[in-house]
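Below, each chain spelled out in residue letters.
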Amino acid sequence: MEKFNKLTGIAAPMPLVNIDTDMIIPKQFLKTIKRSGLGANLFDEMRFDKDGNEIPDFVLNKKAYKNAEIIVAGENFGCGSSREHAPWALLDFGIKCVISISYADIFYNNCFKNGILPIVLKPEEVDLLMEDSKNGENARISIDLERQIVQSSEGIEFSFEIDEFKKHCLLNGLDDIGLTMEKVSIIDEFEENYQKKMPWV
Amino acid sequence: MSTAKTLYDKIWDAHIAHQDQDGTCLLYIDRHLVHEVTSPQAFEGLRMAGRTVRAPHKTIAVPDHNVPTTLDRVKGIDNLESRIQVEALDKNAKDFGVHYYPVSDVRQGIVHIVGPEQGWTLPGMTVVCGDSHTATHGAFGALAHGIGTSEVEHVLATQTLIQKKSLNMKVEITGSLKPGVTAKDITLSVIGKTGTAGGTGYVIEYCGDAIKELSMEGRMTICNMAIEGGARAGLIAPDEKTFAYCEGRPHAPKGEEWKQALKYWQTLFSDEDAHFDKVITIKGEDIAPVVTWGTSPEDVLPINSKVPAPNDFEGGKVEAVKRSLKYMGLNPGMSLEDVTIDTVFIGSCTNGRIEDLRAAAEILKGKKIKEGLRGMVVPGSGLVRAQAEEEGLADIFKEAGFEWRLAGCSMCLAMNPDQLQPGERCAATSNRNFEGRQGRGGRTHLMSPQMAAAAAVTGKLTDVRDLL
């Protein structure tokens, strides 16, 4: 997993609430057995018409946002299914950070497994960054994970909360499985006692 | 400090293999369910790292999302990508030695229907699957939730998950339900009240007399949609109905182990003084048969309501409602009962169990579906299908004009050929009405099996109470 520390980039405004995983990556693209290549179909049914032509009004089709690395979104972003294809598609497109008021639980967790930082801010702070991001290439938003700060293009700073363990893993690009494997003897011991108490499991 | 615990607290505590100072836990997983869509990258990850499946005897795999539901599916899957995914699961299950129910097995079906049916899901367990509707298994008093593919790989390798504890929410449904009102109406009504983000950060325990009165099938419908309310999981305390359901299932404990298990399961309830961070109470009598009108499961109203207007809402929801009314082809103020439909889909992990099929068949008995309408019944498993045939339900569906399909996820998410066409409107017993969920441009109205059957008869969204 890539390390995440600082990022300054173009942010795409997506004020719609409840942007769900079927919007982020429709199910016809879940048939892959790989993690890569999904960026081409990110937001497919919002981005392309049924003949595959770009819908010009859609934010990521606008010239100013083709290279967006951040999405500023309405609340409850990523609701719906557990498909990790959603963060895979975002990452493959080049999105490394999402800023919203809230996220669906599974999507939120999935982001961290892929080096994407989902930031939670207060509604008025998200509103301000949403307006800022409407300036496209002229408004770059900066993120400093170490300091837990988001900075608007005009230098206004907002701090955000993040779980210490998740922050540590992102900053260092750590793989969860490797970390847990170091605790294998603890798992062995737990399992042995547990099976004695609950042999039917 | 009070030592009173909620049901969630008890299950959580019993599974902590390790806890860090910041509260991050390594939670032991009792059952890992696997399907073909969210697992190939996880197995590939194991291979690349030279890892094995730690507990193959606690890992159960079944293909369900992609499989065709037409009677000719023995000949194979036409769609190349779908076929590759199912073949990958065949191979992974064999290579890593996990329990497997292939497409050719009569026990194959939707993973969340197969798990309980085969006795894999038991009270007090932790159950995970790379599928958000894993919440279904909470009906047994098991802590069950969906995980992403990275976590699937983590569980395969370590039989644990890195987790932080959620908050406790209680949803109490008091009294009893009125005729024509079902578990589906309860769970949709709760989401209508809390919103799709109302449960974020919580594990919900559903309780109250109206919940106790439900069968295990009904309880599974309730917990199945806990995720649609944003909760990590839904739970219902196990009781005599739960134990009776589990007893004798192929993988349930037997003899002395059954007695020992039962003794433990009887301790699985929230203590009287246990603390809940949020409590919601709804009177069972106040719940009506409901349908969804928009493109979020929170867009739910009693069937005898009118389509709302964007300005009935606040904040970001105003724009979202404008967008969803346009997508759904509905105008504010029109009666929901005037909305005509093209297709009826009965099935899914929400409502694809035998009781759901009985309820729909009861409405359809001796009736025909509206001319020109497409009706599809997709049983949740091969065993549900076999039982429905034995009980004569299949004949009722067929005589009414429904297609009688083989088991799978089917038109709930339309990954296989069972899809809506653009603009086609469907009365569905599934769980999500998102844009494009049942096929690009398809319009979904969620409801109970009874309501879907009633809609099939009249060709419109219909108050099932008029047909009782």
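Just above, that's the structure.
Worth saying up front: this structure is predicted, and the values here are computed from it rather than measured.

## Structural notes on the overall build of chain A
Within chain A, the secondary structure is distributed over 8 helices and 7 strands. Overall, chain A is about 60 × 40 × 25 Å in size when its C-alpha atoms are taken along their principal axes. Put simply, chain A has 201 residues, and 61% of those count as buried. Residue pairs in contact within chain A that sit at least 24 positions apart in sequence constitute 66% of those at least 6 positions apart. Taking the 23 positively charged and 34 negatively charged side chains of chain A as two groups, their mean positions are separated by 3 Å.

## A look at the pattern of salt bridges
Residues and elements named next belong to chain A. Within the structure shown, the criterion is met by 40 salt bridges over all chains. Two residues, Lys-122 and Glu-125, come together in a salt bridge whose shortest N-O distance is 3.8 Å. Under the relative-accessibility criterion, Lys-122 is labelled partly exposed at 48%. The class of Glu-125 is buried, set by a relative accessible area of 12%.

## Quick look at the packing of helix 2 (residues 40-49) of chain B against helix 5 (residues 149-158) of chain B
Residue and element names in this part refer to chain B. Taken N-terminus to C-terminus, the directions of helix 2 and helix 5 make an angle of 50°; their axes are 8 Å apart at the nearest point. Put simply, helix 2 runs oblique to helix 5. Seen from above, helix 2 lies across helix 5 with right-handed handedness. Contact with helix 2, carried on its side by Gln-41, Ala-42, Phe-43, Gly-45 and Leu-46, involves Thr-149, Val-152, Glu-153, Leu-156 and Ala-157 of helix 5 and no other residues of that element.

## Quick notes on the nonpolar core
Residues A:Phe43, A:Ile99 and B:Phe397 are the most contacted members of the largest nonpolar core, which totals 109 residues. Sort the elements by how many residues they give to this core and helix 16 (residues 449-458) of chain B lands first, with 7 residues. Every residue in contact with A:Ile99, bar those within four places of it in the chain, is listed here: A:Ile70, A:Ile71, A:Val72, A:Ala73, A:Ile119, A:Leu121, A:Val126, A:Leu129, A:Ile141 and A:Val150. With 71 residues, the next largest nonpolar core counts B:Trp12, B:Leu33, B:Val111 and B:Ala139 among its residues.

## Quick word on the sheet that holds strand 10 (residues 202-207) of chain B
Residue and element names in this part refer to chain B. Overall, parallel pairing links the 4 strands, which are arranged 11-10-9-12 in an open sheet. Every interior strand has two partners, whereas the edge strands, strand 11 (233-235) and strand 12 (278-283), have only one. Pairs of neighbouring strands in the sheet enclose a mean axial angle of 20°, with direction left out of account. Here strand 9 (residues 167-174) runs beside strand 10; their pairing, made up of 6 bridges, is parallel.

## Quick word on the interface of chain A and chain B
Between chain A and chain B, the contact holds 59 residues from the first and 72 residues from the second. Between chain A and chain B, the buried area comes to about 5500 Å², and carbon and sulfur atoms account for 57% of it. Its largest share of buried area at the contact with chain B, chain A owes to A:Lys27, A:Lys31 and A:Trp200, together 15% of the area lost on that side. Summed over the shared surface of chain A and chain B, the result is 8 salt bridges. A salt bridge links B:Arg54 to A:Glu191, with the shortest nitrogen-to-oxygen separation between them at 2.8 Å. For the pair chain A and chain B, the number of links is 33 residue pairs in polar contact (both at pLDDT 80 or more). Of all the secondary structure elements, the ones that give two or more residues to the side of chain A that touches chain B are helix 1 (21-24), helix 2 (44-47), helix 3 (85-93), helix 4 (105-112), helix 6 (164-172), helix 7 (176-181) and helix 8 (184-197) of chain A. If one sorts the elements of the side of chain A that touches chain B by residue count, helix 8 of chain A sits on top with 10 residues. In the side of chain A that touches chain B, the residues fall into 23 nonpolar, 13 polar and 23 charged.

## Topic: the sheet that holds strand 8 (residues 160-163) of chain B
As summarised here, the arrangement of the 3 strands in space is 1-2-8 (chain B), forming an open sheet in which the pairing is antiparallel. For this open sheet the edge positions go to strand 1 (16-19) and strand 8 of chain B, each flanked by a neighbour on one side alone. Pairs of neighbouring strands in the sheet enclose a mean axial angle of 20°, with direction left out of account. Against the sheet, helix 8 of chain A contacts strand 1, strand 2 (25-28) and strand 8 of chain B, and its axis sits at roughly 40° relative to strand 2 of chain B.

## Focus: the side chain of B:Asn433
Residue and element names in this part refer to chain B. Along the chain, Asn-433 turns up in the loop between strand 18 (425-428) and strand 19 (443-446). Looking at Asn-433, the relative accessible area reads 1%, which means it is buried. At a separation of 3.0 Å, a polar atom in the side chain of Asn-433 contacts the main-chain carbonyl oxygen of Ser-296. Excluding its chain neighbours within four sequence positions, the residues that come into contact with Asn-433 are Thr-292, Gly-294, Thr-295, Ser-296, Pro-297, Thr-444 and Leu-446.

## Description of the pairing of strand 5 (residues 140-144) of chain A
All names here are of chain A. Of all 5 residues in strand 5, 4 are buried, a share of seventy percent or more. Relative to strand 5, strand 1 (residues 6-14) is paired through 5 bridges, and the arrangement is antiparallel. Its bridge partner being in strand 5, Thr-8 is matched across the sheet by Ser-142. Linking strand 5 to strand 6 (residues 149-151), which pair antiparallel, is a turn of 4 residues; within it Gln-148 sits at a positive phi near 60°.

Cut-offs used in this document
Residues numbered from 1 in each chain as written. Chains lettered and ligands numbered in written order. Predicted model: local features only at pLDDT ≥ 70, side-chain atom pairs only at ≥ 80, totals over all residues. Heavy atoms only, no water. Helix = DSSP H or I, 4+ residues; strand = E, 2+ residues; numbered from the N terminus. Buried < 20%, exposed > 50% of the residue type's maximum accessible area, 1.4 Å probe, protein only. Contact = heavy atoms within 4.5 Å. Lys, Arg positive; Asp, Glu negative; His and termini not counted. Charge placed at Lys NZ, Arg CZ, Asp CG, Glu CD. Salt bridge = Lys/Arg side-chain N within 4 Å of Asp/Glu carboxyl O. Axes fitted to C-alpha atoms, helices over the stretch in contact; angles between N-to-C directions. Parallel < 35°, antiparallel > 145°, perpendicular 65-115°, else oblique. Left-handed = near helix turned anticlockwise from the far one by under 90°. Core = buried A, V, L, I, M, F, W, Y, C linked by side-chain atoms within 4.5 Å. Pairing = 2+ DSSP bridges. Buried area = accessible area lost by both parts, 1.4 Å probe. Polar contact = N/O pair within 3.5 Å; in protein donor to acceptor, adjacent residues only side chain to side chain. Nonpolar A, V, L, I, M, F, W, Y, C, P; charged D, E, K, R; others polar.

These values are about where atoms sit, not about what they do.
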